[in-house]
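As a plain string of letters, each chain reads:
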Amino acid sequence: MSVEDGGVPGLGRPRQARWTLMLLLSTAMYGAHAPLLALCHVDGRVPFRPSSAVLLTELTKLLLCALSLLVGWQAWPQGTPPWRQAAPFALSALLYGANNNLVIYLQRYMDPSTYQVLSNLKIGSTALFYCLCLRHRLSARQGLALLLLMAAGACYAAGGLQDPGTTLPGPRSAAATSPMPLHITPLGLLLLILYCLISGLSSVYTELLLKRQRLPLALQNLFLYTFGVLLNLGLHAGGGPGPGLLEGFSGWAALVVLSQALNGLLMSAVMKHGSSITRLFVVSCSLVVNAVLSAALLRLQLTAAFFLATLLIGLAVRLYYGSR
């Protein structure tokens, strides 16, 4: 398996096993995010500001990176730290910040189900930028695998979970009594396309930075998350009146922040030593974890669409990473 395919060539079995474990952990953390957020709800809503959770997640990642360098888990570069190499990470932080805010803004112009289905177009945009920016060519077999991955995400979003109290497909809360009609405005479609393009560009651009700079990953992450904290601090402060930074936080909310911080660090390792395509497969495979946890913790029912999506994901993994 090559770097372009998402693997790490030349690893012995112990290191390959650690790489596999890292991917499995990241998949589990991605999949657990939505169920954990649901467990945070009080009276049917999240009791804290979303911007607080994002800011605290970025701050946690920053502190973990600093700790890694301070205790020597990763070696500090010889000589003067190359601070000038930090500047390009400002664009990464800006792209990620724009995408995080677009996700919230998009909900005004379409229903959640339409967003979940169409947002899978970011798989195609990531593959496009991956080929253009990193100059890698995907075979017809790999292209078909990514198309199956997009189809799996759309299939799952369209009806992978069902509230047992309703006959309506799709992931809904127990409090939902009447569905929002399917709709999308022309402006919403344009913004969704922009979201998918930014999502693909941010992932591939960050991968390019991580691989081109000969710096410890912890130091590169320190650059990235410093800009991320500053950006999200500004967004939080400019978000108007609302709950305080830690107001409404519970043990479940702290677990959400910690898991997302650890997952961000794992994903940076995946993009430095693997590829953005590997990240796509991790995110897609996390749908299975999400569904199983939602069924176990939130008592939602798995539907035929979930099993079809799981089959499509399995086929996509086999096509992309299987022997040629």
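To start, this report covers the structure provided alongside it. (Residues numbered from 1 in each chain as written. Predicted model: local features only at pLDDT ≥ 70, side-chain atom pairs only at ≥ 80, totals over all residues. Heavy atoms only, no water.)

### Details of the overall build of the protein
Convention followed: A run of H or I in DSSP counts as a helix once it spans at least four residues, and a run of E counts as a strand once it spans at least two, with each numbered from the N terminus. Each residue is assigned to one of three classes by its accessible area relative to the maximum for its type, calculated with a 1.4 Å probe on protein chains only: buried under 20%, partly exposed between the two thresholds, exposed over 50%. Only the protein chains shown count as covering a residue, and every accessible area follows the Shrake-Rupley method with a 1.4 Å probe.
Across its full length, the protein holds 11 helices and 2 strands. Ordered by position in the sequence, the α and β elements of the protein form the string α-α-α-α-α-α-β-α-α-α-α-β-α. Counting only residues that meet the buried cut, the protein has 44% of its 324 residues in that class. Surface summary for the protein: the accessible area is close to 16,400 Å², and the carbon and sulfur share equals 68%.

### Brief notes about the packing of helix 8 (residues 217-237) against helix 9 (residues 251-273)
As a reminder of what qualifies: A fitted line through C-alpha atoms represents every axis, and for helices the fit uses only the stretch in contact; the resulting angles, taken between N-to-C directions, go from 0 to 180 degrees. Orientation categories follow fixed angle ranges, with anything under 35 degrees roughly parallel, anything over 145 roughly antiparallel, 65 to 115 roughly perpendicular, and all other angles oblique. With the far helix as reference, a near helix turned anticlockwise by less than a right angle produces a left-handed crossing, and one turned clockwise produces a right-handed crossing. A contact between two residues is defined here by any heavy atoms of the two lying within 4.5 Å.
The interhelical angle for the contact between helix 8 and helix 9, taken along N-to-C directions, is 120°, at an axis separation of 11 Å. Looking at the two axes, helix 8 sits oblique to helix 9. In this structure, helix 8 meets helix 9 at a crossing whose hand is right-handed. Contact with helix 8, carried on its side by Leu 217, Gln 220, Asn 221 and Tyr 225, involves Gly 264, Leu 265, Ser 268, Ala 269 and Lys 272 of helix 9 and no other residues of that element.

### Concerning the environment of Gly 228
Inspection of the secondary structure puts Gly 228 in helix 8. Take Gly 228: its relative accessible area is 4%, and that puts it in the buried class. With 173 residues separating them in the primary sequence, Gly 228 and Leu 55 have C-alpha atoms 8.1 Å apart. In this structure Gly 228 touches Glu 58 and Ala 93, once residues within four positions along its chain are discounted.

### Regarding unusual backbone geometry
Of all residues except glycine, most have a negative phi; of all peptide bonds, most are trans. Although it is not a glycine, Arg 135 adopts a positive phi angle of roughly 55°. The phi torsion at Arg 299 lies on the positive side, around 60°, for a residue other than glycine. Positionally, Arg 299 belongs in the loop between helix 10 (276-297) and strand 2 (301-302). On the basis of relative accessibility, which here comes to 69%, the residue Arg 299 falls in the exposed class.

### Let's talk about the nonpolar core
Condition: Residues grouped as a nonpolar core are buried Ala, Val, Leu, Ile, Met, Phe, Trp, Tyr and Cys residues, joined through side-chain atoms within 4.5 Å.
Ranked by size, the top nonpolar core spans 29 residues in total, and within it Met 22, Phe 89, Leu 219, Leu 222, Phe 223 and Tyr 225 carry the most contacts. Residue assignment for this core shows that the elements contributing at least two residues are helix 1 (13-39), helix 2 (50-70), helix 3 (88-106), helix 7 (186-212), helix 8 and helix 9. In terms of residues, this core owes the most to one element, helix 8, which gives 8 residues. Counting 28 residues, the second largest nonpolar core, distinct from the first, contains Leu 134, Tyr 156, Ala 291 and Ala 305.

### Concerning the packing of aromatic side chains
Aromatic ring pairs: the centre-centre distance and the angle between the two ring planes describe each pair. Just so we agree on the cut-off: Pairing of aromatic side chains requires ring centres within 6.5 Å, counting the rings of Phe and Tyr and the six-membered ring of Trp. Pairs whose planes differ by under 30 degrees are stacked, by over 60 edge-to-face, and all others tilted.
Going through the model one piece at a time under the given rule, you end up with 6 aromatic pairs. Pairing Phe 89 with Phe 223 gives two aromatic rings, centres 6.0 Å apart and planes at 50°, and the pair type is tilted. Here Phe 89, found in helix 3, pairs with Phe 223, found in helix 8; they are 134 residues apart in sequence, far enough to count as distant. Residue Phe 89 is classed as buried on the basis of its relative accessible area of 0%. Each ring, one from Tyr 320 and one from Tyr 321, has its centre 5.0 Å from the other, and the planes form 65°; the classification is edge-to-face. For Tyr 320, a relative accessible area of 0% corresponds to the buried category.

### A short note on the packing of helix 6 (residues 140-159) against helix 11 (residues 304-321)
Let me state the cut-off plainly: Gly falls in the polar group here, along with every residue not listed as nonpolar (Ala, Val, Leu, Ile, Met, Phe, Trp, Tyr, Cys, Pro) or charged (Asp, Glu, Lys, Arg).
Two elements in contact, helix 6 and helix 11, have axes whose closest approach is 8 Å; the angle formed by their N-to-C orientations is 165°. As judged from the angle between their axes, helix 6 and helix 11 are roughly antiparallel. Helix-helix and strand crossings are classified by hand; for helix 6 and helix 11 the assignment is left-handed. Counting all contacts with helix 6, which are made through Arg 141, Gln 142, Leu 144, Ala 145, Leu 146, Leu 148, Leu 149, Ala 151, Ala 152, Cys 155, Tyr 156 and Gly 159, the residues of helix 11 involved are Ala 305, Phe 306, Leu 308, Ala 309, Leu 312, Ile 313, Leu 315, Ala 316, Arg 318, Leu 319 and Tyr 320. Of the residues contributing to the contact of helix 6 with helix 11, the split by class is 19 nonpolar, 2 polar and 2 charged.

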